[in-house]
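# Residue-level structural notes
The residues making up each chain are set out below.
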Amino acid sequence: MTAHEHNAEGWHFDTVQVHAGASPDPTTGARATPIFQTTSYVYESSQAASDIFTLQDLGSYSYTRTGNPTTSVAEQRIAELEGGRAAVAFASGQSATTFALLNLLRSGDHLVSSSNVYGGTTGLFLRRFAEIGISTTFVDDIHDPEAWAAAITPRTRAVFAESIGNPLGSVLDIRAVADVAHAAGVPLVIDNTLATPYLVRPLEHGADIVVHSTTKFLAGHGAAIGGVVVDNGTFDFGAEPEKWPGFNEPDQPGEALRYWPDFGARGIAYSLRLRANLLRDYGAAVSPFNSFLLILGLETLSLRIRQHVQNAKTIAAYLESHPQVEAVHYAGLPTSPEAERVAAYLPNGAGSILSFDIVGGLEAGRAFVESLDLFSHLANIGDVRSLVIHPASTTHSQLSEAEQRRSGVSPTLIRLSIGIEDARDLITDLDTAFARVNATVASTSHHPQHS
Ligand SMILES: *Cc1c(COP(=O)(O)O)cnc(C)c1O
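In what follows, the accompanying structure is described.

Rules of the game
Residues numbered from 1 in each chain as written. Predicted model: local features only at pLDDT ≥ 70, side-chain atom pairs only at ≥ 80, totals over all residues. Heavy atoms only, no water. Buried < 20%, exposed > 50% of the residue type's maximum accessible area, 1.4 Å probe, protein only. Helix = DSSP H or I, 4+ residues; strand = E, 2+ residues; numbered from the N terminus. Pairing = 2+ DSSP bridges. Contact = heavy atoms within 4.5 Å. Axes fitted to C-alpha atoms, helices over the stretch in contact; angles between N-to-C directions. Near = heavy atom within 4 Å. Polar contact = N/O pair within 3.5 Å; in protein donor to acceptor, adjacent residues only side chain to side chain. Areas by Shrake-Rupley, 256 points an atom, 1.4 Å probe, with all protein chains shown as cover. Nonpolar A, V, L, I, M, F, W, Y, C, P; charged D, E, K, R; others polar. Left-handed = near helix turned anticlockwise from the far one by under 90°. Core = buried A, V, L, I, M, F, W, Y, C linked by side-chain atoms within 4.5 Å. Domains from an automatic or database assignment.

Right, let's get into the pairing of strand E1 (residues 86-90). With 5 of 5 residues buried, E1 is to be regarded as a mostly interior element. Residues of E1 alternate between two faces, with Ala 86, Val 88 and Phe 90 on one and Ala 87 and Ala 89 on the opposite face, all of them buried. Note: E1 against strand E7 (residues 227-231), 5 bridges, orientation antiparallel. For Phe 90, the partnering residue across the bridge sits in E7 and is Gly 227.

Structure, rendered in structure tokens:
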């Protein structure tokens, strides 16, 4: 579904975000999606129970760890917004990334990832995946398809990147990286958290799987942690069956079910295995209450993103001309080195996460963050409220300085997540903070300006 196209019902994006997956409750008539706060669901018969467990019946619920009617509405809606075949919700963005990849990788396998990804993702690959025998090669020059191709080995089973990188805002040439992955017979997994499907739908550009931290823009209110994995349903796990034992061999000896032969033609082999094996066995299920909050957020997604983008452009231009700013990193600036890829992939804007290097180094950065009032100093992005953080000492602090620099984080970098307030008030707040930094630096200087 592109901005001018529509879903199977003929609905456009703004309609899908309000209606997809939901209908009035058949027993009560409730119009808003109710919170089905239940752990389990009564089976109509022993046969009905058995049909659910053997995946003969995919439409009924059994236990909220593997499916819930409130969560299903959020999953269906996000799948349609991304133009995918199916979605599976998780308790957090971290668990969504983890299990999207563990559905493809096993011990001894290899992952290729952009080095310009969320700090928590870098840590997951470097430490946790390494502990269980999955190695990762990080690609630094993400705009060079040959760098991606050179990282791939015979054991590579997935390629991973962010559509808009965090925190520097580099924009991925999704098509070029998808072509490299597909030439090697592996799927491309894209973290689309910073862009949202309103700005880019990676599946339309060759990606096979999309993950989100719904904690951020999709929910939008900064009130609920969550994650989701969307599958396009088109990656061919049967082309080289020996590469994908999880999809072509039974889960346990003697079991008849095999995901690719049984469900591949319906485009649900990946998503069903994700739910019926990984969500069932690892158990990172989202609460129905958080799914309800996510649905409320999704209903206003495009309205919020339009305001986020408008504000971010205004503030990036303000920062670019400010004497206390050394450099602004925002793909949405006309002067950005990303401008060509923005034109190709992000015609509606480059999101609202931007970062900048402040004049005066680490001390100035610290004073600046503490001097803001309207901007909240916290570790999140994609909230309706504007947020600020110093990545080197917070989100990326679990990485070494070398690893930080590799992820694009310098000690003087300040990251802003621009909210949907009035941009004039945000600029007043930034102005006041810059003035306070000047005053602080002047008063602690050995060469006071008034002498
Ligand atoms: C926040 C974030 C995550 C992790 O999501 P949580 O919901 O915090 O677990 C993953 N990727 C990106 C790009 C993020 O911003």
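Turning our attention to the sheet that holds strand E12 (residues 413-417). Sheet strands pair by backbone hydrogen bonding; their relative direction is either parallel or antiparallel. Taken in spatial order, the 5 strands make up an open sheet running E8-E9-E12-E11-E10, and their pairing is mixed. Bordering the open sheet on either side are strand E8 (325-329) and strand E10 (376-377), each of which pairs with just one other strand. Across 2 bridges, the pairing between E10 and strand E11 (residues 387-389) is parallel. Note on E11: the bridge partner recorded for His 377 is Val 388. Contacts between helix H15 (residues 361-371) and the sheet are confined to strand E9 (353-358), E10, E11 and E12, with E9 contributing the most and set at about 130° to the helix.

So, on to the site of the ligand. The environment of the ligand is formed by 15 residues, the closest being Gln 94, Asp 191, Ser 213, Thr 215 and Lys 216. At 2.7 Å from an oxygen atom of the ligand is found a side-chain nitrogen or oxygen belonging to Lys 216. Isolated, the ligand exposes 380 Å² of accessible area, and the fraction of that covered by the protein chains is 93%. Grouping the amino acids of the shell around the ligand by side-chain chemistry returns 4 nonpolar, 8 polar and 3 charged.

The contact between helix H4 (residues 93-102) and helix H11 (residues 269-282) brings their axes to 10 Å, and the two run at 115°. Taken as a pair, H4 and H11 cross one another with a handedness that is right-handed. Between H4, through Phe 99, Ala 100 and Leu 102, and H11, the contact on the second element is made entirely by Tyr 270, Arg 273, Leu 274, Leu 278 and Tyr 282.

Position of Glu 75 among the secondary structure elements: in helix H3 (residues 69-82). In terms of polar contacts, Glu 75 uses its side chain to reach the backbone amide nitrogen of Ala 89, at 2.7 Å. Apart from the residues within four sequence positions on either side, Glu 75 is in contact with Ala 87, Val 88, Ala 89 and Arg 275.

Taken together, 7 strands build an open sheet; the order of strands is E1-E7-E6-E5-E4-E2-E3 and the sheet is mixed. Pairing within the sheet leaves two strands with one partner each, and these edge strands are E1 and strand E3 (135-139). Within this sheet the neighbouring strands show an average axis-to-axis angle of 20°, counted without direction. Running at roughly 145° to E3, helix H5 (residues 119-131) makes contact with strand E2 (110-114), E3 and strand E4 (156-162) of the sheet.

This brings us to the nonpolar core. Ranked by size, the top nonpolar core spans 122 residues in total, and within it Trp 148, Leu 319, Leu 346, Phe 356, Phe 368 and Leu 416 carry the most contacts. The residue makeup of this core includes at least three contributed by each of domain 1 (20-298) and domain 2 (302-442). With residues near it in sequence (within four places) discarded, Leu 416 still touches Ile 315, Leu 319, Ser 352, Ile 353, Leu 354, Phe 356, Phe 375, Leu 387, Val 388 and Leu 430.

What follows covers unusual backbone geometry. When glycine is set aside, most residues are seen to have a negative phi, and most peptide bonds are trans. In this model, Leu 55 sits at a positive phi of 65°, which is unusual for a non-glycine residue. Tracing the backbone through its elements, the reader meets Leu 55 in the loop between helix H2 (46-53) and H3. Unusually for a residue other than glycine, Thr 196 sits at a positive phi of about 65°. Tracing the backbone through its elements, the reader meets Thr 196 in helix H8 (residues 196-199).

This part covers the environment of Asp 357. Considering the arrangement of structural elements, one finds Asp 357 in strand E9. Since its relative accessible area comes to 11%, Asp 357 is described here as buried. Sequence separation of Asp 357 and Asn 232 is 125 residues, and the distance between their C-alpha atoms is 39 Å. Other than its neighbours up to four places away in sequence, Asp 357 contacts Val 325, Glu 326, Ala 327, His 329, Ser 410, Thr 412 and Leu 413. Within the structure, the side chain of Asp 357 is placed 2.8 Å from the side chain of His 329, a separation counted as a polar contact.

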